[in-house]
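Each chain, letter by letter, is given below.
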Amino acid sequence: MGTICNMGAEIGATTSLFPYNHRMADYLNATSRCDISQEASKYSESLLTPDKGCDYDQLIELDLSTLEPHVNGPFIPDLAHPISKLAENAKSNNWPIEIKVGLIGSCTNSSYQDMARCATIAKEALDHGRKSKIPFNVTPGSEQIRATIERDGIAQTLRDFGGTVLANACGPCIGQWDRKDVKKGEKNTIVSSYNRNFTGRNDANPATHAFVTSPEMVTALAIEARLDFDPTTESIKGADG
């Protein structure tokens, strides 16, 4: 829900709202804010929910079971490509196919669950002798997330995968990245789970083609380091064959 609300602003929404629900209560309770959870629960049916009989200008229904993973970009977060079409679109537009860097985290996709799911993919690759082919930067979303992924071994799994765990700050998402692997003006591709991919935003290089997608997709793509790899349909060959 946080990711959807955050990304809503990136494509023009002035406000994004979800009705109060049990997952919000679980989160507040787990982060030592039980008093807020209890107070919100009192008004969950009267205030923190849609008005009865309300009408909307547009109603869009999504069947999540049929929703294909997407990769968006470059240069704008609402240029969306289903993963099955990304290779074709990249080649037809002459975008660099080789991915130079993978980046996960920042404020939008950096929850404990996000990091844990990425670590699961990384662990599966490591079990077969594979790891990220490219620099893989990890930005925890808060000190609490940083501390808990360190405590539970998730951070170490991501390091074993080839990752570098950065400070829990905005980092490369807002250009705090002293990038050395390409020269300014050199055409290249990066893939991140950040919320913004505007020209030059991440590394001050206007020739960097920045794509945004889910943390899990970034992790999977980092193993082959190519935009024309579809992890939903293609296999990855392990070092063990």
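A few points on the structure.

Conventions used here
- Residue indices follow the written sequence of each chain, beginning from 1 at its first position.
- Where local features are concerned, this predicted model is filtered to residues with pLDDT of at least 70; where side-chain atom pairs are given and counted, the filter is 80 or more; whole-chain, interface and lining totals use all residues.
- Only hydrogens and water are set aside; all other atoms, that is, all heavy atoms of the structure, feed into the side-chain values.
- Strands are runs of DSSP state E lasting at least 2 residues, helices are runs of H or I lasting at least 4, and numbering of each runs from the N terminus.
- We compute the radius of gyration from the C-alpha atoms alone; for a globule the expected value is 2.2 Å times N to the 0.38, where N is the number of residues.
- Burial classes: relative accessible area under 20% of the type maximum marks a residue as buried, over 50% as exposed, and values in between as partly exposed (1.4 Å probe, protein chains only).
- In what follows, a contact means two residues having at least one pair of non-hydrogen atoms within 4.5 Å.
- Throughout, the Shrake-Rupley method with a 1.4 Å probe supplies accessible areas, and for residues the shown protein chains are the sole cover considered.
- Nine residue types can take part in a nonpolar core, namely buried Ala, Val, Leu, Ile, Met, Phe, Trp, Tyr and Cys, and a core is a set of them joined through side-chain atoms within 4.5 Å.

## Digging into the overall build of the protein
- Scanning the protein from terminus to terminus reveals eight helices and seven strands.
- Over its C-alpha atoms the protein spans a radius of gyration of 19 Å, differing by no more than 12% from the 18 Å that the globule rule assigns to 241 residues.
- The dimensions of the protein, computed from C-alpha atoms along their principal axes, are 55 × 45 × 35 Å.
- In the protein, which comprises 241 residues, the share counted as buried stands at 39%.
- Once local pairs closer than 6 in sequence are excluded, the contacts in the protein between residues at least 24 apart make up 67%.
- Carbon and sulfur atoms form 52% of the exposed surface of the protein, whose accessible area is close to 13,600 Å².

## Let's talk about the nonpolar core
- Met115, Phe136 and Leu158 are the most contacted members of the largest nonpolar core, which has 32 residues in total.
- Going through the elements one at a time, helix H4 (83-92), strand S3 (99-105), helix H5 (112-127), strand S4 (136-139), helix H6 (143-151), helix H7 (154-160) and helix H8 (215-224) are the ones with two or more residues in this core.
- Not counting residues within four places of it along the chain, the set of residues in contact with Met115 comprises Ile104, Gly105, Ser110, Val138, Thr139, Pro140, Ile145, Ile149, Ile154 and Leu158.

## So, the environment of Tyr112
- The topology assignment puts Tyr112 in helix H5.
- A C-alpha to C-alpha distance of 7.0 Å links Tyr112 and Ile149, two positions 37 residues apart in sequence.
- What Tyr112 contacts, discounting residues up to four positions off in sequence, is Ile145, Thr148, Ile149, Asp152 and Ile154.

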